[in-house]
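Given next are the chains, with one letter for each unit.
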Amino acid sequence: MVEVNVIADYGEMVNIGHLSNRGRGRGSKRGGRTSSRGRGIIGGALNPMTPVYAKCDDQLREDLWESLRTLSDSYNLPWLVTGDFNCIINPVEKKGGSPHRMSKSLSFIQCIIDCELLDVGYTGSDFTWYIGWCPNKRVWQRLDRVLINHDWLNLFDSTQVSHLIRTGADHSPLLITMKSKMRDPKKYFRFLDFWIEEIDFISVVEQAWNVDVQGSPLWKFHL
């Protein structure tokens, strides 16, 4: 059993090669720290993971969606995409404030479809982001999520996401747990039983096993 736990806190996210268009101006990259994909060693294999950090304006997120499409077309590998997308895909993912207009979500939804990604789902609170200290102006939204492709599904038996409690930040950390039942294949002893029909079979085996060997007696099986 292989189990990997990753805590993603996008209030103070550590850079491991993430896509971001939070810089100034359309399509700019924050701090010049953008790389094509983050990578993680999971189960002895190199598996791409892409943390993202999106702009607040839906029009300014278009370059980010296009970058994800480019990555999807460039690789045929298990892929996990996670981060602050600053966008919801369903009105039920928002509570408080003005009603959500689905026109703001269509580009993100189309990107998910084009990249053939699946939302992992979650346990815990329905929302990952909160703003407003005034009771009449509080807003909750599910801005952070985890998306995976079909190759990732084939690699892990389960991928689970838990929304953890916020501690001093406006975003909730995400606990991502991947489990796999992959084990080393069993190696069985194999013997061609037709050898026992040979007249000299017993004497040949006895002669081989009576040879002195240095080290473990099990080396006799290799003679």
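Above this note sits the structure.
For clarity, every value in this text was computed on a predicted model and none was experimentally measured.

S.K.: Report on the overall build of the protein chain, specifying residues and quantitative values.
M.R.: A tally of regular secondary structure across the protein chain gives 4 helices and 13 strands. Each of the 223 residues in the protein chain was classed as buried or not, and the buried ones make up 35%. Across the protein chain, the fraction of contacts at a sequence separation of at least 24, relative to all contacts at a separation of at least 6, is 65%. Here the protein chain displays about 14100 Å² of accessible surface, and carbon together with sulfur accounts for 54% of that area.

S.K.: Account for the nonpolar core, with residues named and values stated.
M.R.: One finds L68 and V81 to be the most contacted residues of the largest nonpolar core, which totals 16 residues. Counting residues per element, this core draws most heavily on helix α1 (residues 62-74), which supplies 4 residues. Grouped together as the second largest cluster of nonpolar side chains are 11 residues, I148, W152, L155 and M178 included.

S.K.: How would you summarise a nonpolar patch on the surface if you had to cite specific residues and measurements?
M.R.: A surface patch of nonpolar side chains, amounting to about 320 Å² of accessible area, comprises L192, F194 and W195. Note on placement: W195 falls in the loop between β13 (174-180) and α4 (201-209). Assessed through its relative accessible area of 42%, W195 is described here as partly exposed.

S.K.: Please set out the packing of α1 against helix α2 (residues 106-114) residue by residue, giving values where relevant.
M.R.: Two elements in contact, α1 and α2, have axes separated by 9 Å at closest approach and are oriented at 5 degrees. Here α2 runs roughly parallel to α1, going by the angle between their axes. For the pair formed by α1 and α2, the contact residues are E62, W65, L68 and R69 on the first element and S107, F108, Q110, C111 and D114 on the second. Residues of the contact of α1 with α2, tallied by class, amount to 4 nonpolar, 2 polar and 3 charged.

Definitions and cut-offs
- Residues numbered from 1 in each chain as written.
- Predicted model: local features only at pLDDT ≥ 70, side-chain atom pairs only at ≥ 80, totals over all residues.
- Heavy atoms only, no water.
- Helix = DSSP H or I, 4+ residues; strand = E, 2+ residues; numbered from the N terminus.
- Buried < 20%, exposed > 50% of the residue type's maximum accessible area, 1.4 Å probe, protein only.
- Contact = heavy atoms within 4.5 Å.
- Areas by Shrake-Rupley, 256 points an atom, 1.4 Å probe, with all protein chains shown as cover.
- Core = buried A, V, L, I, M, F, W, Y, C linked by side-chain atoms within 4.5 Å.
- Patch = residues over 30% accessible without salt bridge, like charges linked within 9 Å, V, L, I, M, F, W, Y side chains within 5 Å.
- Salt bridge = Lys/Arg side-chain N within 4 Å of Asp/Glu carboxyl O.
- Axes fitted to C-alpha atoms, helices over the stretch in contact; angles between N-to-C directions.
- Parallel < 35°, antiparallel > 145°, perpendicular 65-115°, else oblique.
- Nonpolar A, V, L, I, M, F, W, Y, C, P; charged D, E, K, R; others polar.

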